[in-house]
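The primary structure of each chain is shown beneath.
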Amino acid sequence: MKLKIDKFPEYLINFTTVDFDKYFLNKNTILDIGCGEGEFIVDLASLYPKRQFIGVEIKYGRIIKCLKKAHANKLHNVKFALCDATLFTTKVLKSNSINKVFINNPDPWPKEKHQKNRLVNLELLTGIYQKLKRKGSLIIKTDSNKYFREIKRAILKTNLSPDKSIDPLDSSIPLTKFQKFYKKDDKKIYSIKVLKK
């Protein structure tokens, strides 16, 4: 890997400093959990320059690509955390600090012996609820019907409520790289949006 993570310090979150707390003050902040190579969150940050964006990804190579994309687009409203998503959400983020959370196509780990590795579970959802501001929202999309049913069952055990608005999933939101592939192949995407009342 030619690019090093410390080449773009302005886009990398150091959540051990006071500056990290200041990042949230009086800002509309949107979190992308498992942001992959950053194409979705970089598109959003470009579309909404007055909002603040955070992408969380555990894989070093993907974070490098995220940092490179943010730098290439000269964005000043997006940062990335190289961290386990559940740890970041439950332990690092402040309560009532996030306006919106996206989880796009998390790995479904289809084999039964691997399903314990699934990202979306009650622990993560409870953490998200605590970190969302009042009327904050969570949008989850997956191509796995089985995983989707499991996610909905876990949501029922939280205080999150279904969004009953006319366009709850906001059709103006850009598609991820995977979602574009799925759409091209006519593959179904299962989606849900829930709110913190």
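Before any of the text, the structure's been laid out above.
Quantities reported herein were computed from a predicted structural model and do not represent experimental measurements.

Trainee: Pulling in residues and values, what's your account of the overall build of the protein chain?
Mentor: A count of helical and extended segments in the protein chain gives seven helices and seven strands. Secondary structure elements in the protein chain, listed N-terminal to C-terminal, are α-β-α-β-α-β-α-β-α-β-α-β-α-β. Taken against the 2.2 N^0.38 rule, which gives 16 Å for 197 residues, the C-alpha radius of gyration of the protein chain at 16 Å falls within 12% of a compact globule. Taken along the three principal axes of its C-alpha coordinates, the protein chain extends 40 × 35 × 35 Å. Counting the 197 residues in the protein chain, one finds 47% classified as buried. Considering only contacts within the protein chain whose residues lie at least 6 apart along the sequence, 83% involve residues at least 24 apart. Surface exposure of the protein chain reaches about 11,100 Å², of which carbon and sulfur atoms provide 53%. One way to put it: in the protein chain the 41 positive side-chain charges average out to a point 2 Å from where the 20 negative ones average out.

Trainee: Report on the side chain of Thr 176, specifying residues and quantitative values.
Mentor: Relative to the helices and strands, Thr 176 is located in the loop between strand E6 (161-162) and helix H7 (177-184). According to the relative accessible area criterion, Thr 176 is buried, its value standing at 4%. Within polar-contact distance, the side chain of Thr 176 engages the backbone nitrogen of Gln 179 at 3.1 Å. Leaving out residues up to four positions away in the same chain, Thr 176 has contacts with Glu 39, Phe 40, Asn 104 and Asn 105.

Trainee: Talk me through the side chain of Gln 179; I want residue IDs and the actual numbers.
Mentor: As for its placement among the helices and strands, Gln 179 is situated in helix H7. Only 3.1 Å separates the side chain of Gln 179 from the side chain of Asn 104, close enough to count as a polar contact. Contact partners of Gln 179, with chain neighbours within four places excluded, come to Asn 104, Asn 105, Lys 141 and Ile 189.

Trainee: Describe in detail a positive patch on the surface, supporting the description with residues and values.
Mentor: A contiguous patch of positive charge on the surface is contributed by Lys 146, Arg 149, Lys 152, Arg 153 and Lys 157. The residue Lys 157 is located in the loop between helix H6 (145-155) and E6 in this model.

Definitions and limits used
Residues numbered from 1 in each chain as written. Predicted model: local features only at pLDDT ≥ 70, side-chain atom pairs only at ≥ 80, totals over all residues. Heavy atoms only, no water. Helix = DSSP H or I, 4+ residues; strand = E, 2+ residues; numbered from the N terminus. Rg over C-alpha atoms; globule rule 2.2 N^0.38 Å. Buried < 20%, exposed > 50% of the residue type's maximum accessible area, 1.4 Å probe, protein only. Contact = heavy atoms within 4.5 Å. Areas by Shrake-Rupley, 256 points an atom, 1.4 Å probe, with all protein chains shown as cover. Lys, Arg positive; Asp, Glu negative; His and termini not counted. Charge placed at Lys NZ, Arg CZ, Asp CG, Glu CD. Polar contact = N/O pair within 3.5 Å; in protein donor to acceptor, adjacent residues only side chain to side chain. Patch = residues over 30% accessible without salt bridge, like charges linked within 9 Å, V, L, I, M, F, W, Y side chains within 5 Å. Salt bridge = Lys/Arg side-chain N within 4 Å of Asp/Glu carboxyl O.

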